[in-house]
Amino acid sequence: MSDSSQTGAQGVPPALPLAINLQYTKDLSFEVPAGPEIFTALQAAPQISVNIDVQANRLQNDQSVFEVALTIKTEASEAPATEGGPAGRKVFIAELTYAAVVSLNNPPPELVEPLLLVEVPRLIFPYARNILGDVTRDGGFPPVVLQPIDFVALWQARRNEFAQTEAVGHA
């Protein structure tokens with residue numbers, strides 16, 4: 001006799017205690033600050049920096065419905081003229097906030113934060129990555145292809161930052 005209470009019927013893992021009700025592009029911006037001359041002046045592949053942030057907000061106080069927003073900002077700059085020199089002009093700036101409205105189905109309290117700040121971003125990231133790739137390609141540049149993000153490490157880093165800020169504030 002096997003114990004199926006952990007894995008559900010016929011070896012199927014239990015469902016996550018969350019449902020993604022909808023996902024959408026909340027904000028999208030693409031700009032080429034230097035205008036058309038950047039296309040002729042660009043001598044080498046630009047240097048690209050990426051910043052990622054995740055926010056979760058309860059939509060209604062009496063319900064477990066949340067908006068989770070994944071914000072990705074990419075900036076491409078001309079490569080430095082000399083090794084270790086300052087970066088050149090901005091080539092492009094792309095900012096995307098991709099969001100999901102999710103319902104939590106009575107998860108244990110200790111799982112609420114990781115579900116909202118790790119699992120939901122992990123589920124919606126491929127859509128955001130695709131949008132940024134399309135936008136940069138449609139903007140006349142090679143598409144930005146973001147590598148997978150370790151949302152667990154991002155969440156843990158933010159928790160550590162918050163803990164340090166709290167410790168300093170109470171010192």
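Residues numbered from 1 in each chain as written. Predicted model: local features only at pLDDT ≥ 70, side-chain atom pairs only at ≥ 80, totals over all residues. Heavy atoms only, no water.

By the naming in an unreviewed UniProt entry, the protein goes by Protein-export protein SecB and is assigned to Acetobacter musti. Entered under Subunit (unreviewed entry) in the UniProt record, the comment concerning the protein runs "Homotetramer, a dimer of dimers. One homotetramer interacts with 1 SecA dimer." Quoted verbatim from the Subcellular location (unreviewed entry) heading of the UniProt record, the comment on the protein is "Cytoplasm". (UniProt positions renumbered as here; feature names shortened; annotations may be inferred.)

J.: When you look at the sheet that holds strand β4 (residues 90-104) in this model, what are you seeing that I'm missing?
T.: Strand order in the open sheet made by the four strands is β1-β4-β3-β2, with antiparallel pairing throughout. A strand with exactly one partner marks an edge of an open sheet, and here the two such strands are β1 (18-31) and β2 (47-58). Taking the axes of each pair of neighbouring strands and ignoring which way they run, one obtains an average angle of 15° across the sheet. Here 13 bridges tie strand β3 (residues 65-77) to β4, and the two strands are oriented antiparallel to one another. What sits directly across from V65, in β4, is S103. Sheet strands in contact with helix α2 (residues 109-138) are β1, β2, β3 and β4, and its direction is about 140° off that of β4. (Pairing = 2+ DSSP bridges. Helix = DSSP H or I, 4+ residues; strand = E, 2+ residues; numbered from the N terminus. Axes fitted to C-alpha atoms, helices over the stretch in contact; angles between N-to-C directions. Contact = heavy atoms within 4.5 Å.)

J.: What am I meant to see in the side chain of T74 here?
T.: By secondary structure assignment, the location of T74 is in strand β3. Accessibility expressed as a relative area gives 0% for T74, which makes it buried. Setting aside its immediate chain neighbours within four residues, T74 contacts I48, S49, V50, F92, I93, A94, L132, V144 and L146. (Buried < 20%, exposed > 50% of the residue type's maximum accessible area, 1.4 Å probe, protein only.)

J.: How should I be thinking about the layout of surface pockets in this particular structure?
T.: Take a probe with the size of a water molecule and roll it over the atoms, and the empty space left behind shows itself. For the largest pocket, the calculated volume is near 160 Å³. Taken together, V54, Q55, A56, E113, L117, W155, R158, R159 and F162 make up the full set of residues lining the largest pocket. Elements with a minimum of two residues in the lining of the largest pocket: β2, α2 and α3 (151-170). Examining the composition of the lining of the largest pocket, we find that four residues originate from one element, α3, more than from any other. (1 Å grid on protein atoms, 1.4 Å probe; cavity = no way out; pocket = protein on both sides within 12 Å on 5 of 7 lines; lining within 4 Å. Points joined across faces, edges and corners; volume = space filled by probe spheres on them.)

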